[in-house]
Amino acid sequence: MAKRRKLTDRFVHAVEQALEHYGDAEWLGAHSPLASPYFIGRELSLQASHETTGKPQATRGHKLQAALKSAAFQLGADDQALLNTAFFGRDRFLTNVGVARALNESKTSYYRHRKDSIAMLAAALNRSVVPPLRLELPHARSMVGRAIIADACLATLQEGRSVTLTGPGGIGKTTLGLDLTQRWGAERVFWLTLRPGLNDQTESLIFALAYFLRGLGVSALWQQLVADKGASSAPQLLGLLRHDLVAIKPPPLVCVDEVEILNADNPRHALTIHLLEELRELVPLFLMGQRLVIDTSAHYALAGLKQAELTALLVSDKAPPMAQDEQQRVTEATRGNPAMMKMIITLWREGEPLGDLLGQLSRAPGMEVLLNRIWRRLSADERLLLAAISSFRGAAPADAWARQRKALDQLLACDLVHTDAADGLLAPKFVQEFVERQLTPELRIGLQQMAGEVREVRAEFTEAAYHYIAGRQSERGVWTWFAHRSEEIEKGRATVARTIFNSVAIGDLSHVDDQRALSLIRGELLQMLGEAERAEEALRLVTWPTLHSMTPLALELIGNTFESRGQFDRAVQHYRDAIDATLVAPDRRRIGLYAKVGHVHLIRERNFLAARHDAAIARIEVERLQGHIEEESGKFERAESHYEAALVLSEAIDAPVSLIRIHSDLGRLQFKRGNADLAIKHLQHAIEMDEARDSPAEMAIDRLNLSGAYIAAQNYELALEQARMGLAMAEAAGDAYAIAGLASNAGEACYYLGRLDDAEQFALQSLRQEEYQPRPYALTVLGSVRRDQANWHEAESLLNEAIKISQANQDPFAEASAWRALGLAYEKQGEKESAAAALAESQRLTTAMGLYNT
């Protein structure tokens, strides 16, 4: 995989940090973003979310501990055993080596297993908590002068009917709506503020409603959505929604704010409007916006407040007394707009001359004048915090600014920021729009990048991708979503993601693997939405080298587009091409593809013989996969037994392709075990069959392993010959991974043959491919060349980098070789102690993994 695929997953890192402090509930409550009410959910009290010392911290920490343990139960026995031994039930006297021994694993295998288990736990926690569907419910605010309308709205809603409340921005629609939620019972209120491109699609509204209803104990709709992984049909979902809503007694209240963004001429919005019309007949529905969107039982237009109501605002805001004539002038200048009145009160309370404020308003009426004056009064920290919060679409997590409480309190006091019931912070729409106009392009980009990081840590991956792309980190946005696309699709984020990734042009991405990831995202989303031809077009915008790790998925998706169009022969051919592209390393996709081809033969074509054949090959691939898992875990004897079982099965049926790959697997395994002669035998057999099939891509990888086996056997001339032959094939195919590996092997062979200039050129050719896995091998060759050239400083730097990357790759084979080369470099410099330590580490790795020592 390309280097950019190595980006740190910030959510997985947050889970790992929580596990490392699992036993300290107070630390978790104080420091982990996963222990905040924003992430954990409404079950934590609001009081606990704002306390910073003592019991509330521990309460939040205990809640996260329980969530982690609960998520772990979704994993397999081996992963549960690791998590229990390493974290949940950790013996504090055990080192990591001790934990590895307790699990009967080598240190290297343990770290690899640990990394995989944490990633799987993070995915399970994400599914359990469902952070992108956190329910929004802003806090109720003091309401002045709206009692009569509020009572009328409540009476209509209690009759099971619908209400629309309209008026300009800042007039108090949301405040009145929040008052109704308190009187209704906030726990039985669904609240959604519509935001363009974020949740204005039918899918987003249905998923959010289903999650809310699940919390009330009615989950038919939610269970269907989860079972269908976000691919349910609209009529089916609407029927389940009706069923769930009818089942709840008394009925919940559905509130939708800022409905004015919906435009009936927009096909996406037309569906959302239709859903609101359906809800109008099923549940008490309260809509807020600047205009009517659908007809409702009652419609109220909010007017401005009167002078007497300004007096009440002055009292509630603890402002200095204001003369009657001044109050009249304020009421007239603001036209009774409560938001503008509150801004004037804020400035008046801070000592601003009222005459100046009113004079400026008379010359330039509107909120901009008042916002400008408040903005100038804010400190630099307060402005930056307001800008940061305003950069978010929807609520921003308050815990992200826990250390800036003083600045946040000032913004809250000025009514520039509001809080919600789950530790979220929201800037009113008119504040967001004002702040956006104050920012330099550089600051705007930086804040978007920051918002992406904050979202990603809390598993809000679709929103994180949006912010990264807006912050000109399109590559980061692509990979963040690509890594979690299955989870996000299951939560109904496909339509939102499609809009986000349509804003990125393939040409905007400089690295070809970034382009491939974007192409896969688009193709998969278009296919989900029933646009098969456009999906195929998106997938064919980039090249798919035969042995590239993303190629099998691309070919499978193209096959899916043909199957959905009834072109079964072309679908099967692409599925088989995808199978061929998975030949190097067996995986679950390969097994699934054989099952998919068998399914087409059975269901579509009624060809039972072909279906049985593909089922038999799938069984072979299961054995290969199990062998590969044991091989990567360092359990070579177990791996060999699985490969041998696969060999027996493949010889029993006509499966030449599987037979080739099993010999290749056995050759690679014996090479690792130091059995060079046996490795060479298996790999030569694989290459002979590759040649018979005219399969140069697979042959290049087999020659890569064969050249390595010849190096192990110290037959450097044959190693160089095989590497050169494989390199020619890989270069013709444009396979960067194979080029990097073969060039590194060629360089190593040249080094042992004393051809230092050639060794250097091959090593540099390998490094130019920017492939992460072969990189430490090439660095070791180049470091060894520099050592023999007596360039000690560069040699040491290159070899230390090789060790560092080997450890990150969890590749003890490469690490052992780099430590040995470093030890020899120290020996040549006369640094005996350093040499002995490096050589001992090389030997330790060699002994632990059964690797030969170069």
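Here, every reference points to the structure presented above.
Residues numbered from 1 in each chain as written. Predicted model: local features only at pLDDT ≥ 70, side-chain atom pairs only at ≥ 80, totals over all residues. Heavy atoms only, no water.

Undergrad: Explanation requested: the overall build of the chain in the structure shown.
TA: Across its full length, the chain carries 44 helices and eight strands. The 854 residues of the chain split such that 56% are buried. Of the roughly 35500 Å² of accessible surface on the chain, a fraction of 51% belongs to carbon and sulfur atoms. (Helix = DSSP H or I, 4+ residues; strand = E, 2+ residues; numbered from the N terminus. Buried < 20%, exposed > 50% of the residue type's maximum accessible area, 1.4 Å probe, protein only. Areas by Shrake-Rupley, 256 points an atom, 1.4 Å probe, with all protein chains shown as cover.)

Undergrad: Please explain the packing of aromatic side chains as it appears in this structure.
TA: In this description, an aromatic ring pair is defined by two values, namely the gap between the centres and the angle between the planes. A complete count under the given rule lists 14 aromatic pairs for this structure. Between W375 and F434, the aromatic rings sit 6.0 Å apart at their centres with planes inclined by 80 degrees, giving edge-to-face as the arrangement. Within this pair, whereas W375 is found in helix 19 (residues 367-377), its partner F434 is found in helix 22 (residues 429-438), the two being separated by 59 residues in sequence. For F434, a relative accessible area of 2% corresponds to the buried category. Among the aromatic residues, those joined into a ring-pair cluster are F11, F39 and F461. Cation over ring: R393 sits above Y466, and NZ or CZ is 3.7 Å from the ring centre. (Phe/Tyr/Trp six-rings, centres within 6.5 Å; stacked < 30°, edge-to-face > 60°. Lys NZ or Arg CZ within 6 Å of the ring centre and 35° of its normal.)

Undergrad: How do you make sense of the packing of helix 11 (residues 202-215) against helix 14 (residues 267-282) when you look at a structure like this?
TA: Axis angle and axis distance: for two packed helices, these are the angle between their axes and the distance between the axes, and together they describe the pair. Running from N to C, helix 11 and helix 14 point in directions that differ by 35 degrees, and their axes come no closer than 8 Å. Side by side, helix 11 and helix 14 meet where T202, L205, I206 and L209 of the first sit next to R268, L271, T272, L275, L276 and L279 of the second. In terms of residue class, the contact of helix 11 with helix 14 is built from seven nonpolar, two polar and one charged. (Axes fitted to C-alpha atoms, helices over the stretch in contact; angles between N-to-C directions. Contact = heavy atoms within 4.5 Å. Nonpolar A, V, L, I, M, F, W, Y, C, P; charged D, E, K, R; others polar.)

Undergrad: Is there a simple way to think about the pairing of strand 2 (residues 189-193) in this case?
TA: Here is the key point about a regular strand: its side chains alternate between the two faces of the sheet. For strand 2, a buried count of five out of five residues is recorded, marking the element as mostly surrounded by other parts of the structure. Burial of the side chains of strand 2 extends over both faces: V189, W191 and T193 are buried on one face and F190 and L192 on the other. Judged from the five bridges that link them, strand 2 and strand 3 (residues 253-257) form a sheet pairing that is parallel. Bridge assignment links T193 to a residue of strand 3, and that residue is D257. (Pairing = 2+ DSSP bridges.)

Undergrad: Help me out: how do you make sense of the sheet that holds strand 6 (residues 396-397) in this one?
TA: Two strands in a sheet stick together by hydrogen bonds in their backbones, pointing the same way (parallel) or opposite ways (antiparallel). Here three strands make up an open sheet; going across it, the order is 6-8-7 and the pairing antiparallel. The sheet is open, and its two edges are formed by strand 6 and strand 7 (418-419), each paired on a single side. For strand 6 and strand 8 (residues 424-426), the ladder comprises two bridges, and the chain directions are antiparallel. Looking at the pairing, P397 lines up with G424 of strand 8.

Undergrad: Would you explain the sheet that holds strand 1 (residues 162-166) in this entry?
TA: Read across the sheet, five strands follow the order 2-3-4-1-5 without closing on themselves; strand pairing throughout is parallel. Single-partner strands in this sheet number two, and they are strand 2 and strand 5 (298-301). Neighbour-to-neighbour, the strand axes of this sheet turn through a mean angle of 15 degrees, independent of strand direction. Packed on one face of the sheet, helix 9 (residues 147-158) meets strand 1, strand 3, strand 4 (285-289) and strand 5 and runs near 155 degrees to strand 1. Those strands touched by helix 14 are strand 1, strand 3 and strand 4, and its axis lies near 140 degrees from that of strand 4.

Undergrad: Would you explain helix 43 (residues 812-829) in this entry?
TA: Residues lying three or four places apart along an α-helix face the same way, a consequence of the helix completing one turn every 3.6 residues. Over its 18 residues, helix 43 extends 26 Å from the first C-alpha to the last, a length consistent with the 26 Å expected when each residue adds 1.5 Å. Among the 18 residues in helix 43, 13 count as buried, and that is most of the element. Backbone geometry just downstream of helix 43 places G830 in the positive-phi region, at approximately 80 degrees. (Expected span 1.5 Å × (residues − 1).)

Undergrad: Would you take a moment to explain the pattern of salt bridges for this structure?
TA: Within the structure shown, the criterion is met by 37 salt bridges. When the shortest N-O distance is used, the salt bridge between E456 and R476 registers 3.4 Å. With a gap of 20 residues between them, E456 in helix 23 (residues 441-457) and R476 in helix 25 (residues 474-483) connect regions that are remote in the sequence. One salt-bridge network, in which partners are shared between bridges, spans R10, E453, E456 and R476. (Salt bridge = Lys/Arg side-chain N within 4 Å of Asp/Glu carboxyl O.)

Undergrad: Can you walk me through the environment of R90 in this structure?
TA: The topology assignment puts R90 in the loop between helix 6 (77-88) and helix 7 (96-102). Between the C-alpha atom of R90 and that of E20, which follows or precedes it by 70 residues, the distance is 10.0 Å. Beyond its immediate chain neighbours, meaning those up to four positions away, R90 contacts N84, T85, T95, N96 and V99. There is a polar contact of 3.3 Å between the side chain of R90 and the side chain of N96. (Polar contact = N/O pair within 3.5 Å; in protein donor to acceptor, adjacent residues only side chain to side chain.)

Undergrad: Would you explain unusual backbone geometry in this entry?
TA: Among all residues except glycine, the phi angle is most often negative; among peptide bonds, the trans geometry is most common. Each neighbour pair has its own omega, and for K249 with P250 the value is -10 degrees, a cis peptide bond. Non-glycine residue Q714 carries a positive phi angle of around 65 degrees. Summarising the element assignment, Q714 is placed in the loop between helix 37 (696-712) and helix 38 (716-733). The exposure class assigned to Q714 is exposed, which follows from its relative accessible area of 60%. Positive phi values are uncommon outside glycine, yet A790 reaches one of about 65 degrees. Mapped onto the elements of the fold, A790 is located in the loop between helix 41 (775-788) and helix 42 (792-809).

Undergrad: Help me understand helix 30 (residues 551-564), please; the structure alone is not making it clear to me.
TA: With 14 residues, helix 30 ought to run about 20 Å at 1.5 Å a step, and its terminal C-alpha atoms sit 20 Å apart, in line with that. Where burial is concerned, most of helix 30 is hidden: 13 out of the 14 residues are buried. Among the residues trailing helix 30, G566 stands out with phi positive, at a value near 80 degrees.

Undergrad: Which parts of the structure should I look at to understand the side chain of K173?
TA: Here K173 shows up in helix 10 (residues 173-184). Buried charge without a salt bridge: K173, with E260 as the nearest opposite-charge side chain at an N-O distance of 6.1 Å. The residues touching K173, leaving out its near neighbours within four places in the chain, are L165, T166, G167, P168, M288, G289, Q290 and L302. (Lys, Arg positive; Asp, Glu negative; His and termini not counted.)

Undergrad: Help me understand the environment of S817, please; the structure alone is not making it clear to me.
TA: Within the fold, S817 resides in helix 43. Since its relative accessible area comes to 16%, S817 is described here as buried.

Undergrad: Would you take a moment to explain the packing of helix 39 (residues 736-752) against helix 41 for this structure?
TA: The interhelical angle for the contact between helix 39 and helix 41, taken along N-to-C directions, is 25 degrees, at an axis separation of 9 Å. Considered as vectors, helix 39 and helix 41 are oriented roughly parallel to each other. The handedness of the crossing between helix 39 and helix 41 comes out as left-handed. Residue-level inspection shows S744, G747, E748 and Y751 of helix 39 in contact with helix 41, the latter providing Y777, A778, V781, S784, V785, R787 and D788. Across the contact of helix 39 with helix 41, the residue classes break down as five nonpolar, three polar and three charged. (Parallel < 35°, antiparallel > 145°, perpendicular 65-115°, else oblique. Left-handed = near helix turned anticlockwise from the far one by under 90°.)

Undergrad: Looking at this structure, how should I read the environment of E691?
TA: Within the secondary structure, E691 is located in helix 36 (residues 676-693). Dropping the residues within four chain positions of it, E691 is found in contact with M699 and R703.

Nothing here speaks to function; it is geometry throughout.
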